[in-house]
Amino acid sequence: KEYNVAILGATGAVGTRMIQQLEQSTIPVKSVKLLASAKSAGKQLSFKGQPITVEETTPDSFDGIDIVLSSAGGSVSKKFLPEAVKRGAVCVDNTSAFRMEPDVPLVVPEVNEEALKDHHGIVANPNCSTIQMVVALEPIRQAFGLNQIIVSTYQAASGAGQSALNELRQETQDYLEGKDMQADAKILPTKGDKKHYPLAFNLLPQIDVFEDNGYSHEEWKMIHETKKIMLNDMDAKDIKVTATCVRVPVPIAHGESIYFTVDDPTVTVDQLRAVLKDAPGVVLQDDPAHQIYPQPINAVGKRDTFVGRLRADEENPGSFNMWVVADNLLKGAAWNTVENAERLVANGLV
Ligand code: A2P
């Protein structure tokens, strides 16, 4: 069988990479439809060298579509994905719109591929920061049990979309030319809040809006998505998770400093290394003697999750630190979406 695929949000930072990842995927593609807002209708993009005209999205855009890959924002997914499902499509959604719905699997194939079989037309892709964290931690949890996660993120501008990336570029240029960059700040830290601050030469400890308890919504996502993916229960108490999410002036690829505690206090760093060396989707880059460790500039364009700086907390047996980097637009978004679609096809679930 060959599949008719639609990409919703095809002109965006993630959407353009979904096109590339689909070109390189194992899915037998019959046709590709590229959908965006009215603003981009008529624009030419291409799939495997063939020009394709971008179309404005309407409910009827999904007639005859088998698979939808979607990354056009939560409100766009809420509006259009139920229409696509009504017309028989299976949707893999990169937005947060449906992630916490009990009947929507939240899937990172390396971690919980088996959850795909419970879909009712929509599969959700987790948040970018959550994906790379669970890829690195699940093999450790499988081998030794996992009690607690304390994570601090160093998140790239592109996680907030192409326009945030453009904003960072403009601010950097203006700063270097001695101009005022305050006026360039129109999107970050988040479109959804009132004030905007420059990211260039700065750090913004706000990603998404704030919750009543003082956590940002990005931090909330890391806590509850991790529990839903690893334990199939967003409020599970048996893994304690807490997070601090920070936007850094890096264009692409998120870094994460992860402190974690396993159930067995006798576990050694060498045992962790042995597990991570063979873990799916993980590349171990951990050789301090030769200054080998993951860096965002080296992760750009790669599908893997890179892990390094593994070391024991010498005062707390069973607790460790590590540094994890992945391309937020690929493993954190476009690749995980296409990978989920590949697994749906391979398992006969479309
Ligand atoms: P457009 O380029 O026409 O605005 P990013 O995450 O980089 O900001 O990209 C967002 C993507 O979502 C873009 O492809 C954008 O298309 C698309 N998009 C935004 N609003 C809508 C909408 N109302 N309907 C369909 N696509 C939309």
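Before reading further, recall that the structure is shown in the block above.
Each chain has its residues counted from 1, running along the sequence as written. In view of the model being predicted, local features appear only for residues whose pLDDT reaches at least 70, and side-chain atom pairs are presented and counted only at 80 or more, with totals across whole chains, interfaces and linings using the full set of residues. To obtain the side-chain values, all non-hydrogen atoms of the structure were included, while hydrogens and water were left out.

(A) The pairing of strand S4 (residues 50-53), seen in detail. In this description, strands pair whenever DSSP reports at least two bridges between them. Strands are runs of DSSP state E lasting at least two residues, helices are runs of H or I lasting at least four, and both sets are numbered from the N terminus onward. Relative to S4, strand S3 (residues 44-47) runs antiparallel, the two sharing four bridges. Residue pairing for S4: Ser46 is matched across the bridge by Pro51. Taken together, S3 and the strand that follows it, S4, pair antiparallel across an intervening segment of two residues, in which Lys48 is found at a positive phi of about 50 degrees.

(B) Local environment of the nonpolar core. With 54 residues, the main nonpolar core has Val68, Leu137, Ile140, Ile149, Ile258, Phe260 and Met322 as its most contacted residues. When residues in this core are grouped by element, the largest group, eight residues, is from helix H4 (residues 128-144). Shared between two domains, this core takes at least three residues from each, and those domains are domain 1 (3-125 + 333-346) and domain 2 (130-327). Contacts are assigned to residue pairs with any non-hydrogen atoms lying within 4.5 Å of each other. If we skip the residues at most four places from it in the chain, Ile149 touches Met133, Leu137, Thr226, Ile239, Lys240, Val241, Thr242, Ile258, Tyr259 and Phe260. The nonpolar core is taken to be a set of buried Ala, Val, Leu, Ile, Met, Phe, Trp, Tyr and Cys residues, with the residues joined through side-chain atoms within 4.5 Å. Residue exposure (1.4 Å probe, protein chains only): buried if accessible area is under 20% of the type maximum, exposed if over 50%, otherwise partly exposed. By convention here, the domain bounds are inherited from an automatic or database domain assignment.

(C) Fine view of the packing of aromatic side chains. In this scheme Phe, Tyr and Trp rings, the latter by its six-membered ring, pair at centre separations within 6.5 Å, and the angle between planes marks the pair as stacked below 30 degrees, edge-to-face above 60, and tilted otherwise. The tally for this structure, following the rule as stated, stands at four aromatic pairs. Relative to Trp323, the ring of Tyr154 lies with its centre 5.2 Å away and its plane at 80 degrees, an arrangement referred to as edge-to-face. Of this pair, Tyr154 sits in strand S9 (residues 146-155) while Trp323 is found in strand S14 (residues 319-326), placing the two residues 169 residues apart along the sequence. Only when the NZ atom of a Lys or the CZ atom of an Arg is both within 6 Å of the ring centre and within 35 degrees of the ring normal do we say a charge sits over the ring. Just above the ring of Trp335 sits the side chain of Arg303; from NZ or CZ to the centre is 3.7 Å.

Interpretation in functional terms is not warranted from these geometric data alone.
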